[in-house]
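# Descriptive analysis of the structure
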Amino acid sequence: MDALTELRALVDRLARKGEPPSELPHLRWGRSTQTSRPNDATEESMTALIAVVLQGEKRSALGSHAFTCGAGDLLVASMKAPLPGQITRASAREPFLAVGLLLRPALVASLLLKAPDLPPGATPLAVATGKASDELLDALRRYVRLVEAPADIPVLAEAIEREMLWRVMQGPHGAALRNIGLANSSLARISRAIDRLQERFAEPVRVAELARVAHMSEPTFNRHFRQATAMSPLQFTSCCACRRHESASWRAEPT
């Protein structure tokens, strides 16, 4: 059985039982037998993660950039950006299925220490999509299998997480992932400014303050912010105000 087929069966079965176990706090999965409305808020709307659609189809957007992911497609969300989405293909017979891993910048940084020659690149868009490699799917399969082998989690979980991140870092969408592991990269600085926005969500925050948090001048901050999010800080804040609640996209449906 190939990795995608096995992952589809695993996630379909496990998601019917509920959420991922607390022993694997960075694992996410989703199952839906119904399509959703356009622009539904999702957990990944404000979460940095890598995710693979296993079955069905989902459309997402970041600013003016639209993304469609079908079976076997990878989505890399390298920072906490509002990412409204719509499940466009799902049914009781063939539910929408997806599996993801929350990103930890410290773990990415530890991998960069092992591969200093990997270039960070320019400020990338915070979201990228493409086909998941066979190597990534194999690692994901072994990671999800740990749910049913809890005794292996303390020994194997972080090693497989590192492998998954490494596979993505070496691929065509690795620049965004490499950037979040570098404390002084433009993407990491923009992420810190977004954290400040979230901390003070109910209060007005000036762009000058966000630029100081990012250790950039205002013009430089605005330029890098638009490169990463395809939005101005004001547009980004407005989008965040509409995405404060999670939907069921990364949750199991009740059975």
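See the structure above.
Summary of the structure given here. These numbers were taken from a predicted model, which means no experiment stands behind them.

Looking only at helices and strands, one finds 9 helices and 8 strands in the protein chain. By residue count, 52% of the 255 residues in the protein chain fall in the buried class. A separation of at least 24 residues holds for 77% of the contacts in the protein chain among residues at least 6 apart in sequence. Roughly 11,900 Å² of accessible area belongs to the protein chain as shown, and the carbon and sulfur atoms make up 52% of that amount.

Right, let's get into the sheet that holds strand β2 (residues 49–55). The strands making up a sheet associate through hydrogen bonds between their backbones, and the pairing can be parallel or antiparallel. Taken together, the 5 strands give an open sheet; going across it, the order is β1-β7-β2-β5-β8, and neighbouring strands pair in antiparallel fashion. Whereas interior strands pair on both sides, the edge strands pair on one side only; in this sheet they are β1 (27–32) and β8 (127–131). On average, each strand axis in the sheet is tilted by 20 degrees relative to the strand beside it, whichever way the strands run. Alignment of strand β5 (residues 73–77) against β8, held across 5 bridges, turns out to be antiparallel. Bridging across to β8, Ala77 finds its partner in Val127. Most of the contacts of helix α1 (residues 3–17) go to β1, to which it runs at about 80 degrees, and overall it touches β1, β2 and β7 (96–102).

With that settled, the discussion passes to the packing of helix α3 (residues 134–145) against helix α4 (residues 153–169). Packing of α3 against α4 brings their axes to within 9 Å, and their N-to-C directions diverge by 160 degrees. Relative to α4, α3 is oriented roughly antiparallel. Classified by chirality, the crossing of α4 by α3 is left-handed. In this structure, α3 contributes Glu135, Leu136, Ala139, Leu140, Arg142 and Tyr143 to the contact, and α4 contributes Ala157, Ile160, Glu161, Glu163, Met164, Arg167 and Val168. For the contact of α3 with α4, the residue count by class is 8 nonpolar, no polar and 5 charged.

Note on backbone geometry: most residues besides glycine have negative phi, and most peptide bonds are trans. Here the phi dihedral of His215 falls at roughly 55 degrees; this positive angle occurs in a residue that is not glycine. You can call His215 exposed: its relative accessible area is 61%.

Right, let's get into the packing of helix α2 (residues 105–114) against α4. Across the interface, α2 lies against α4 with an axial gap of 10 Å and an inter-helix angle of 65 degrees. When the interaxial angle is binned, α2 and α4 end up roughly perpendicular. Crossing angle aside, the handedness with which α2 passes α4 is right-handed. Contacts between α2 and α4 involve Leu107, Val108, Ser110, Leu111, Leu112 and Lys114 from the first element and Glu158, Glu161, Arg162, Leu165, Trp166 and Met169 from the second.

A few words on the pairing of β1. Of all 6 residues that make up β1, 5 are buried, and the element is covered over most of its length. Pairing between β1 and β7: 6 bridges, direction antiparallel. When the sheet's bridge partners are listed, Gly30 is paired in β7 with Ala98.

Moving on, we get to the nonpolar core. Counting 42 residues, the largest nonpolar core has Val52 and Tyr143 as its most contacted members. When neighbours within four sequence positions are excluded, Val52 is seen to be in contact with Gly72, Asp73, Leu74, Leu97, Ala98, Val99, Ala132, Leu136, Leu137 and Leu140.

With that settled, consider helix α8 (residues 218–229). With 12 residues, α8 extends 16 Å between its outermost C-alpha atoms, agreeing within 8% with the 16 Å of an ideal straight helix rising 1.5 Å per residue. All of the buried residues in α8 are Phe221, His224, Phe225, Ala228 and Thr229. Looking down the long axis of α8, one finds its buried residues gathered within 110 degrees of arc, a one-sided arrangement. Of the residues flanking the end of α8, it is Ala230, one or two places downstream, whose phi is positive at about 60 degrees.

Parameters and conventions
Residues numbered from 1 in each chain as written. Predicted model: local features only at pLDDT ≥ 70, side-chain atom pairs only at ≥ 80, totals over all residues. Heavy atoms only, no water. Helix = DSSP H or I, 4+ residues; strand = E, 2+ residues; numbered from the N terminus. Buried < 20%, exposed > 50% of the residue type's maximum accessible area, 1.4 Å probe, protein only. Contact = heavy atoms within 4.5 Å. Areas by Shrake-Rupley, 256 points an atom, 1.4 Å probe, with all protein chains shown as cover. Pairing = 2+ DSSP bridges. Axes fitted to C-alpha atoms, helices over the stretch in contact; angles between N-to-C directions. Parallel < 35°, antiparallel > 145°, perpendicular 65-115°, else oblique. Left-handed = near helix turned anticlockwise from the far one by under 90°. Nonpolar A, V, L, I, M, F, W, Y, C, P; charged D, E, K, R; others polar. Core = buried A, V, L, I, M, F, W, Y, C linked by side-chain atoms within 4.5 Å. Expected span 1.5 Å × (residues − 1). Arc of directions from axis to C-beta.

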